[in-house]
Amino acid sequence: MLRRMSAKKGLEFLRAVSSYMTKTNGYDRCLQQLKIVSGGDGKCQAEFKVAEEQLNRAGGLHGGFTATIVDVVTTYALMTKDNCLPGVSVDIHVTYLKGAREGDEVVIDANTIRAGKNLAFLECELRHKRDNSIIARGQHTKYIGTGGAKTKE
């Protein structure tokens with residue numbers, strides 16, 4: 001499934017990858033409520049409704065879950081680039097700007113900034129659907145090995 005593909009990789013590809021990844025007994029099952037709404041050409045947009053299992057003890061969206069969202073959705077964005085595999089994380093950084101509570105609807109926008117021979121640079125924002133306010137911003141660097149696609153700068 002995750003082999004290099006030369007065909008254009010968009011929404012249907014991302015939905016198939018997401019479905020494959022979350023049908024597990026492992027950690028990725030925590031993303032089963034994530035809905036992929038668009039994607040292609042180094043981008044991915046997803047949504048989810050904050051559920052009880054995603055909360056911290058104070059009743060807010062858990063920071064670890066937010067970091068997982070940044071990791072996964074930026075990887076999905078990267079995978080829509082021609083000749084790009086998911087790679088492995090080298091660095092991930094999340095800035096938390098605003099809280100989210102149970103029942104809040106969250107929109108995630110991820111973008112591939114650049115994918116070179118060895119490294120890919122990605123960015124992501126989580127926003128409240130109701131008012132577009134930013135919950136968190138993420139930056140993600142991945143090692144993708146030789147053969148990565150170069151993006152236009």
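Scroll up to find the structure this text is about.
Keep in mind that this is a model prediction, so the values were computed, not measured.

(A) Summary view of the overall build of the protein chain. Along the backbone of the protein chain there are two helices and six strands. Reading the helices (α) and strands (β) of the protein chain from amino to carboxyl end gives α-β-β-α-β-β-β-β. Counting across all 153 residues of the protein chain, residues that qualify as buried make up 44%. Here the analysis covers contacts within the protein chain between residues at least 6 apart in sequence; of these, 68% occur between residues at least 24 apart.

(B) Spatial organisation of unusual backbone geometry. Positive phi, normally seen in glycine, also occurs at Asp41, with a value near 50°. Position of Asp41 among the secondary structure elements: in the loop between β1 (35–40) and β2 (43–49). Here the phi dihedral of Asn132 falls at roughly 65°; this positive angle occurs in a residue that is not glycine. Tracing the backbone through its elements, the reader meets Asn132 in the loop between β5 (119–128) and β6 (134–143).

(C) Layout of the sheet that holds β5. Strand order in the open sheet formed by six strands is β1-β2-β4-β5-β6-β3, and the pairing between neighbours is antiparallel. Across the chains shown, the open sheet's two edge strands, defined by having one partner strand only, are β1 and β3 (88–96). Recorded for the sheet is a direction-independent mean angle of 15° between the axes of neighbouring strands. Of the strand pairs in this sheet, strand β4 (residues 105–115) and β5 are connected by nine bridges, and their pairing is antiparallel. For Ile108, the partnering residue across the bridge sits in β5 and is Leu126. Here helix α2 (residues 63–79) sits on the sheet in contact with β1, β2, β3, β4, β5 and β6, set at roughly 130° to β3.

Definitions and cut-offs
Residues numbered from 1 in each chain as written. Predicted model: local features only at pLDDT ≥ 70, side-chain atom pairs only at ≥ 80, totals over all residues. Heavy atoms only, no water. Helix = DSSP H or I, 4+ residues; strand = E, 2+ residues; numbered from the N terminus. Buried < 20%, exposed > 50% of the residue type's maximum accessible area, 1.4 Å probe, protein only. Contact = heavy atoms within 4.5 Å. Pairing = 2+ DSSP bridges. Axes fitted to C-alpha atoms, helices over the stretch in contact; angles between N-to-C directions.

Any functional reading would require information beyond the geometric quantities listed.
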